[in-house]
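# Observations on the model geometry
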Amino acid sequence: MIPLEQAVRASTVLSAITQRVAQSQQLLRLTLPLLPPPLRDQVAAGPLDDGVWCVLVNNPAVASKLRQLAPTLLQALQGSGQPVASLRIKVRQHAAG
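Residues numbered from 1 in each chain as written. Predicted model: local features only at pLDDT ≥ 70, side-chain atom pairs only at ≥ 80, totals over all residues. Heavy atoms only, no water.

### So, the overall build of the protein
Broken down by element type, the protein carries four helices and three strands. Mapped in sequence order, the helices and strands of the protein form the string α-α-α-β-β-α-β. The buried share of the protein, reckoned over its 97 residues, is 29%. Sequence-distant contacts in the protein: of pairs separated by 6 or more residues, those separated by 24 or more amount to 51%. Carbon and sulfur atoms make up 58% of the accessible area of the protein, which totals about 6300 Å². (Helix = DSSP H or I, 4+ residues; strand = E, 2+ residues; numbered from the N terminus. Buried < 20%, exposed > 50% of the residue type's maximum accessible area, 1.4 Å probe, protein only. Contact = heavy atoms within 4.5 Å. Areas by Shrake-Rupley, 256 points an atom, 1.4 Å probe, with all protein chains shown as cover.)

### Focus: the nonpolar core
With 19 residues, the main nonpolar core has Val-43, Trp-53, Val-57, Leu-66 and Val-84 as its most contacted residues. Counting residues per element, the ones that place at least two in this core are helix H2 (12-31), strand E1 (43-49), strand E2 (52-57) and helix H4 (60-79). Residues contacting Val-57, with those up to four places away along its chain left out, are Gln-42, Val-43, Val-62, Ala-63, Leu-66, Ile-89, Lys-90, Val-91 and Arg-92. (Core = buried A, V, L, I, M, F, W, Y, C linked by side-chain atoms within 4.5 Å.)

### Here's the deal with H2
Taking 1.5 Å as the rise per residue, H2 with 20 residues should run 28 Å; its terminal C-alpha atoms sit 29 Å apart, in good agreement. Of all the positions in H2, only Ser-24, Leu-27, Leu-28 and Thr-31 are classed as buried. Taken down its axis, H2 places every buried residue within 100 degrees of arc, on the same side. Exposed residues lying more than 90 degrees from the buried face of H2 are Thr-12 and Gln-19. Where the residues of H2 are buried, they touch E1, E2 and H4. (Expected span 1.5 Å × (residues − 1). Arc of directions from axis to C-beta.)

### Some details on the pairing of strand E3 (residues 86-91)
Judged from the six bridges that link them, E2 and E3 form a sheet pairing that is parallel. When the bridges of E3 are listed, Val-57 appears paired with Val-91. As a crossover connection, the stretch from E2 through H4 into E3 is right-handed. (Pairing = 2+ DSSP bridges. Right-handed = clockwise from strand over helix to strand, strands pointing away.)

### So, the environment of Pro-36
Relative to the helices and strands, Pro-36 resides in the loop between H2 and helix H3 (37-40). Take Pro-36: its relative accessible area is 29%, and that puts it in the partly exposed class. On a C-alpha basis, the gap between Pro-36 and Lys-65 in space is 9.8 Å, while along the polypeptide they are 29 residues apart.

See below:
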């Protein structure tokens, strides 16, 4: 059996997915310091597709605050050379328990 890392590198599809995940995580790392501390653990990186970065949030209140901050976040990301044209904020659906 080949190691997972080697299999990912050998597959163009898996390699592309891995790169997209890493890029999205990088966007999150750049964004978190710009958020108020109480929001930082309420936000997660979602997919980056064609310049639209999806930011996942835990509830509608966080989504509302992030929408207010979106112009500042977008400007900071673009200023650091990131290929983000817009942000999409999505509230995560939690499973009923």
